[in-house]
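Coordinates in review
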Amino acid sequence: MSPELLRTARLRLLEMHYRAGVGHIGGNLSVLPLLLELLHDVLSDSDRLVLSKGHAAGALYVSLWTKGLLADSDLETFHRDGTLLAGHPPAQGVPGITFATGSLGHGLPMSCGLALADTLRDADRRVVCVTSDGEWNEGSMWESLIFAVHRRLSRLLIVVDHNRLQGFGRTADVANLDPLAARFAAFGAAVFEVDGHTPGQLTTAVHQLQQTDRPAVVLARTTKGHGVSFMEDRMEWHYLPMNAEQYARAVCEVSS
């Protein structure tokens, strides 16, 4: 993933959210580099990508746009009446999206179902589920991990956007699960930690983990609002839309 690709995607994401007048921009910016690297450098055309943290749908739509799977005219309908590009990924109608997600804790169970089906059919493809870190407050996530390890779903990869902020505060204050990597390992998953904002680290981790015979977790350390200084590591950008002044400032920072 090139710096030019990331810059283009960030600018399009900011424009799309500003025009729609909607928030969730902080978590979109933290996960955007991960989705771009997965789509451009990791996944084959037959692999499946599931965005469990569905409130980052904007980052997914823009990433699909960079692959030519969505057009500019599609992105212009984001969050509008009658759109396919709703605030959370839809159940059907958008190339590259398999499930409706956004009710947190559901993306991983469905990904396990896909991975199990592929295992039973001996299908040679990978299922990648991208989650938030706060999402691991949900019991269904740990139940799914238990199931995946028990069934040795080695084609399942879980990527965690570990930005340490969620809707009500810092993950350490809401329901502390640190150290997450040790907890994943204790459940029997293969675990790798990366800097989610350093291009290539996710790709390297995936190549190393694909040799394992069990499900894998990549814990990607990220920053909410990454790339826009006044949004970085600020909980309010989980929700806030941008006004005209903030949008202009954000564009200036990303463009420079």
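This text goes with the structure placed above it.
In what follows, the accompanying structure is described. Treat the numbers as computed from the prediction; the structure is a model and nothing was measured. (Residues numbered from 1 in each chain as written. Predicted model: local features only at pLDDT ≥ 70, side-chain atom pairs only at ≥ 80, totals over all residues. Heavy atoms only, no water.)

1. Considerations on the overall build of the protein
Basically, it comes down to this: A run of H or I in DSSP becomes a helix once it reaches four residues, and a run of E becomes a strand once it reaches two; helices and strands are each numbered from the N terminus. For the exposure calls, accessible area comes from a 1.4 Å probe over protein chains only, and a residue counts as buried if that area is under 20% of its type's maximum, exposed if over 50%, partly exposed in between. Residue burial considers only the protein chains on display, and all accessible areas are found by Shrake-Rupley using a 1.4 Å probe. In summary, the charge assignment counts Lys and Arg as positive and Asp and Glu as negative, without counting His or the chain termini. For this purpose, a charge sits on NZ of Lys, CZ of Arg, CG of Asp or CD of Glu.
Counting its regular elements, the protein contains 10 helices and 7 strands. Seen through its C-alpha atoms, the protein measures out along the principal axes to roughly 50 × 40 × 30 Å. Within the protein, the proportion of its 256 residues that are buried is 52%. Approximately 10,800 Å² of the protein is accessible, and the part contributed by carbon and sulfur atoms is 51%. Within the protein, the 28 negative side-chain charges are centred at a point lying 2 Å from the centre of the 22 positive side-chain charges.

2. Some points on the sheet that holds strand 7 (residues 216–221)
For clarity, the threshold we go by: Criterion used throughout: strands pair if DSSP finds at least two bridges between them. In this description, a line fitted to the C-alpha atoms serves as the axis of each element, helices being fitted only across the stretch in contact, and the angle between N-to-C directions of two axes falls anywhere from 0 to 180 degrees. Between two residues, a contact is recorded if the distance between any of their heavy atoms is within 4.5 Å.
The sheet built from 5 strands is open, its strands ordered 1-2-3-7-6 with parallel pairing. Where the open sheet ends on each side, the last strands, each with one partner, are strand 1 (48–51) and strand 6 (190–195). When the angles between neighbouring strand axes are averaged without regard to direction, this sheet yields 20°. When strand 3 (residues 156–162) meets strand 7, the two strands line up parallel, connected through 6 bridges. Directly across from Asp161, in strand 7, lies its bridge partner Ala220. Against the sheet, helix 9 (residues 201–209) makes contact with strand 3, strand 6 and strand 7, and its axis sits at roughly 165° relative to strand 6, the strand it touches most.

3. Overview of the side chain of His238
Within the fold, His238 resides in the loop between strand 7 and helix 10 (244–255). The contacts of His238, once residues within four sequence positions are left out, are His24, His55, Gln166, Gly167 and Lys224.

4. A look at the side chain of Ser52
Within the fold, Ser52 resides in the loop between strand 1 and helix 3 (57–66). The class for Ser52 is buried, based on a relative accessible area of 1%.

5. Side note on empty space enclosed by the protein
A probe matching the size of a water molecule, rolled over the atoms, marks out where space remains unfilled. Condition: A cavity here means a set of points on a 1 Å grid, drawn over the protein atoms and nothing else, where a 1.4 Å probe fits but cannot get out; a pocket is an open set with protein on both sides within 12 Å along at least five of seven lines, and a residue lines either one if it has an atom within 4 Å of a point. Grid points are joined across faces, edges and corners, and a volume is the space filled by probe spheres set on the points.
Per the stated rule, a full pass over the model turns up 3 cavities of 30 Å³ or more. Here the largest cavity defines a volume of roughly 100 Å³. Contributing to the lining of the largest cavity are Arg126, Ser154, Arg155, Leu156, Leu157, Val206, Leu209, Gln210, Thr212 and Ala216. When residues of the lining of the largest cavity are traced back to their parent elements, those giving at least two are strand 3 and helix 9.

6. A few points about the packing of aromatic side chains
Threshold: Ring geometry is summarised as follows: Phe, Tyr and Trp rings, the Trp one being its six-membered ring, pair when their centres sit within 6.5 Å, and such pairs are stacked at plane angles under 30 degrees, edge-to-face over 60 and tilted between the two. Geometrically, a charge over a ring is one whose NZ (Lys) or CZ (Arg) sits within 6 Å of the ring centre while staying within 35 degrees of the ring normal.
For the coordinates displayed, the defined rule picks out 7 aromatic pairs. Considering the side-chain rings of Trp136 and Phe184, the 4.8 Å spacing of their centres and the 70° angle between planes classify their relative orientation as edge-to-face. On the criterion of sequence distance, the pair formed by Trp136 in the loop between strand 2 (127–132) and helix 6 (139–150) and Phe184 in helix 8 (residues 180–186) is long-range, its members being 48 residues apart. Both residues of the pair, Trp136 and Phe184, count as buried. Every member of this aromatic cluster is reached through a ring pair, and the members are Trp136, Trp142, Phe184 and Phe187. Just above the ring of Trp65 sits the side chain of Arg12; from NZ or CZ to the centre is 5.8 Å.

7. Let's talk about the nonpolar core
Using the following cut-off: Residues enter a nonpolar core if they are buried and are Ala, Val, Leu, Ile, Met, Phe, Trp, Tyr or Cys, with the set joined through side-chain atoms within 4.5 Å.
Among the nonpolar cores identified, the biggest contains 55 residues, and Leu49 and Val130 are the most heavily contacted of them. The element that contributes the greatest number of residues to this core is helix 2 (residues 25–42), accounting for 10 residues. Val130 has contacts with Val31, Leu35, Leu38, Leu49, Val50, Leu51, Ser52, Lys53 and Val159, leaving out every residue within four places of it along the chain. With 25 residues, the next largest nonpolar core counts Cys129, Leu156, Ile158 and Ala181 among its residues.

8. Here's the deal with the packing of helix 5 (residues 107–120) against helix 6
Stated precisely, the cut-off is as follows: Angle categories are assigned with fixed cut-offs, so that under 35 degrees is roughly parallel, over 145 is roughly antiparallel, 65 to 115 is roughly perpendicular, and the rest are oblique. Handedness of a crossing follows from how the near helix is turned relative to the far one, being left-handed for an anticlockwise turn of less than a right angle and right-handed for a clockwise one.
One can describe the packing of helix 5 onto helix 6 by two numbers: an axis separation of 9 Å at closest approach and a directional angle of 15°. Taken together, the axes of helix 5 and helix 6 lie roughly parallel to each other. Relative to helix 6, the crossing made by helix 5 is left-handed. Contact with helix 5, carried on its side by Leu108, Pro109, Cys112 and Leu116, involves Ser140, Met141, Ser144, Leu145, Phe147 and Ala148 of helix 6 and no other residues of that element.

Nothing here speaks to function; it is all geometry.
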